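Tertiary structure, described
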Amino acid sequence: MADQVIQVGVFGGSGFYSLIDDAREVPVGTPYGEPSAPVVVGEIEGRTVGFLPRHGVKHQFPPHSINYRANVWAMKHLGATDLILPCAAGSLQNHVKPGEFVLCDQVVDRTSGRADTFYDGPETTHVSFADPYDEEMREVAVASAKELGIAVHDRGTMVVIQGPRFSSKAESRWFSSLGWEVINMTQYPEVILARELEMAALNISLITDYDVGLEDEPGHEPVSHHAVLEVFQANNAKLRDLLFHLVPRLPLSPDRPALSALEGARF
């Protein structure tokens with residue numbers, strides 16, 4: 001299916017690829033409709049990368065209405081084996097602070113009604129999802145963040161809610177009580193769709209706020225869209241620096257479990 005145009009895909013907007021001199025737009029049609037935007041293709045230290053803003057160029061697609069299948073399929077079609085999934089996220093634990101990064105290793109799906117598989121039949125396909133994110137990519141990302149002096153948590157569990165609303169206090173406290181660290185609205189179904197197309201995935205969660213269940217703690221402000229954007233924009237440069245440091249250092253090893261996820265998955 002793939003055309004070898006890129007090696008690594010990143011779901012992110014112009015803030016990430018604005019420093020690439022040779023960037024060019026590559027429109028991709030998919031069997032699942034139009035992606036959120038054309039893929040912007042360029043090179044970082046000789047490695048070909050594709051950037052796609054999941055919310056659209058004008059941030060016009062809210063989390064529950066993103067065409068996730070088209071976005072992920074487009075990256076695979078262009079040849080990506082590794083997919084980086086940066087996102088703004090809330091903290092569910094006091095020790096995970098706004099402005100820090102969390103490289104999640106687990107995910108919990110609390111969405112509803114999203115198209116979250118490429119395999120609707122007639123061939124039944126059950127893909128293993130025990131470890132949603134790629135260990136090799138996460139290890140390189142942790143090392144890169146530390147080299148750049150970015151405060152990073154090397155693992156964590158993300159709960160993905162439907163959106164576009166934020167959680168109630170009861171929901172947020174429930175998630176916190178289960179020990180989960182991060183809350184977001186877009187990582188699912190991105191990460192399972194990547195697995196179904198045999199791509200390795202890395203999450204980079206930029207913590208923008210303490211979620212509403214923690215707002216009664218001293219010094220914690222109630223979550224709001226304005227507060228989220230303010231912290232995200234202030235830390236976007238750090239995220240861009242991490243991506244530019246990380247991408248050329250990915251080993252792209254061919255024997256990782258995600259890259260053969262369909263072996264033995266079909267009946």
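In what follows, the structure referred to is the one given above.
Residues numbered from 1 in each chain as written. Predicted model: local features only at pLDDT ≥ 70, side-chain atom pairs only at ≥ 80, totals over all residues. Heavy atoms only, no water.

Turning our attention to the overall build of the protein chain. Within the protein chain, the regular secondary structure consists of six helices and 11 strands. Radius of gyration (C-alpha) of the protein chain: 18 Å, near the 18 Å computed for a compact globule of 267 residues. Put simply, the protein chain has 267 residues, and 57% of those count as buried. Accessible surface, the protein chain: about 11600 Å² in total, of which carbon and sulfur atoms supply 50%. Within the protein chain, one finds 21 positive and 36 negative side-chain charges whose respective centroids are separated by 2 Å. (Helix = DSSP H or I, 4+ residues; strand = E, 2+ residues; numbered from the N terminus. Rg over C-alpha atoms; globule rule 2.2 N^0.38 Å. Buried < 20%, exposed > 50% of the residue type's maximum accessible area, 1.4 Å probe, protein only. Areas by Shrake-Rupley, 256 points an atom, 1.4 Å probe, with all protein chains shown as cover. Lys, Arg positive; Asp, Glu negative; His and termini not counted. Charge placed at Lys NZ, Arg CZ, Asp CG, Glu CD.)

Take the nonpolar core next. Formed by 37 residues in total, the largest nonpolar core has its most connected members in Val39, Val72, Met75 and Leu83. Of all the secondary-structure elements, those providing two or more residues to this core are strand 3 (39-44), helix 2 (68-77), strand 5 (82-91), strand 9 (157-161), helix 5 (187-196) and strand 11 (200-210). The contact partners of Leu83, leaving out residues within four places of it in the chain, are Gly9, Val10, Phe11, Val72, Met75, Met137, Ala194, Met199, Ala200, Ala201 and Leu202. Judged by nonpolar contacts, the second largest core, of 32 residues, contains Val49, Met137, Ala200 and Leu206. (Core = buried A, V, L, I, M, F, W, Y, C linked by side-chain atoms within 4.5 Å. Contact = heavy atoms within 4.5 Å.)

Another point: the pairing of strand 9. Counting buried positions along strand 9 gives five out of five residues, so the element sits mostly inside the fold. Alternating residues of strand 9 divide into Thr157, Val159 and Ile161 and Met158 and Val160, and every residue in both groups is buried. Of the strand pairs in this sheet, strand 7 (residues 106-110) and strand 9 are connected by five bridges, and their pairing is parallel. Residue pairing for strand 9: Arg110 is matched across the bridge by Ile161. Note: strand 9 against strand 10 (residues 182-184), three bridges, orientation parallel. (Pairing = 2+ DSSP bridges.)

Of all six residues making up strand 3, five are buried, and the element is well covered by its neighbours. Two elements, strand 2 (residues 24-26) and strand 3, share three bridges in a ladder whose sense is antiparallel. Looking at the pairing, Glu25 lines up with Val40 of strand 3. Two elements, strand 3 and strand 4 (residues 47-51), share five bridges in a ladder whose sense is antiparallel. Looking at strand 4, one finds that Glu43 is bridged to Thr48. Following strand 3, the chain reverses through two residues before pairing antiparallel with strand 4; Glu45 in that reversal takes a positive phi of roughly 50°.

The full count for this structure, using the stated rule, is three aromatic pairs. Taking 5.2 Å as the distance between ring centres and 65° as the angle between the ring planes, the aromatic pair formed by Tyr32 and Phe118 counts as edge-to-face. Placement of the pair is Tyr32 in the loop between strand 2 and strand 3 and Phe118 in the loop between strand 7 and helix 3 (135-147), with a sequence separation of 86 residues. Exposure remark for Tyr32: the relative accessible area of 25% places this residue in the partly exposed category. The exposure class of Phe118 is buried, given its relative accessible area of 10%. Ring pairing ties together the aromatic residues Trp174, Phe175 and Trp180, which thus form one cluster. A cation sits over an aromatic face here: Lys238 above Phe101, 5.6 Å from the ring centre. (Phe/Tyr/Trp six-rings, centres within 6.5 Å; stacked < 30°, edge-to-face > 60°. Lys NZ or Arg CZ within 6 Å of the ring centre and 35° of its normal.)

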